[in-house]
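Observations on the three-dimensional arrangement
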Amino acid sequence: MENELKSCKNCGDSIIDGRSDKIFCNDYCRYYYNNENGLRNRVYQFFLKYKESIVKYIDDEIKSITANLDTATKKMNEAEHESEDYWDGLFKKIILSQDLKQLKKLKESIPF
Ligand SMILES: [Zn+2]
């Protein structure tokens, strides 16, 4: 545990020496990371400002696609086997399932 190699929160380099609670490799990295007016924090603040609306957009899409998926499934189940409606429902189901999978993956990839 104590020999576990940690990486600097700012530059990602390995922290070779020091106490186990050390999170930066040097004072420069500590300063850079914590500098409120620095580029890192400006980008982070910009990200936070838009993160909420991106998440909301994805959630709304997930809700809407889930509803369409239910409709397509119902259409497929009620149609005569291998009829035009059956294939149409099946096709929509496949496309919508892929969309749903992509959106969930996208949502998981949003940092913080
Ligand atoms: Zn560093």
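Residues numbered from 1 in each chain as written. Predicted model: local features only at pLDDT ≥ 70, side-chain atom pairs only at ≥ 80, totals over all residues.

Turning next to the overall build of the protein. Scanning the protein from terminus to terminus reveals three helices and two strands. Put simply, the protein runs from its N terminus to its C terminus through helices and strands in the order β-β-α-α-α. Overall size of the protein, expressed as C-alpha extent along the three principal axes, is 70 × 35 × 15 Å. Here the protein holds 112 residues, and the buried ones make up 4% of them. Long-range pairs, those at least 24 residues apart, make up 34% of the contacts in the protein between residues at least 6 apart in sequence. (Helix = DSSP H or I, 4+ residues; strand = E, 2+ residues; numbered from the N terminus. Buried ≥ 20, exposed ≤ 12 C-beta atoms within 10 Å, placed from the backbone. Contact = placed C-beta atoms within 7 Å.)

Attention now moves to the confidence of the model for the protein. Across the protein, the average pLDDT comes to 91, with 96% of residues at or above 70. Confidence, read as mean pLDDT per element, is least for strand β1 (residues 6-7) in the protein (88) and greatest for helix α3 (residues 84-108) (96). (pLDDT = per-residue confidence, 0-100.)

Before going further, it helps to spend a moment on the domain arrangement of the protein. For the protein, the domain assignment lists domain 1 (1-34) and domain 2 (49-112). Summarising the inter-unit geometry, the C-alpha centres of domain 1 and domain 2 are found 43 Å apart. (Domains from an automatic or database assignment.)

With respect to the element layout, Tyr44 can be found in helix α2 (residues 39-78). Overall, Tyr44 belongs to the partly exposed group, with 14 C-beta atoms counted inside 10 Å.

One non-glycine residue, Glu82, adopts positive backbone phi at about 65°. By the element assignment, Glu82 lies in the loop between α2 and α3. Residue Glu82 is classed as exposed on the basis of its 8 C-beta neighbours within 10 Å.

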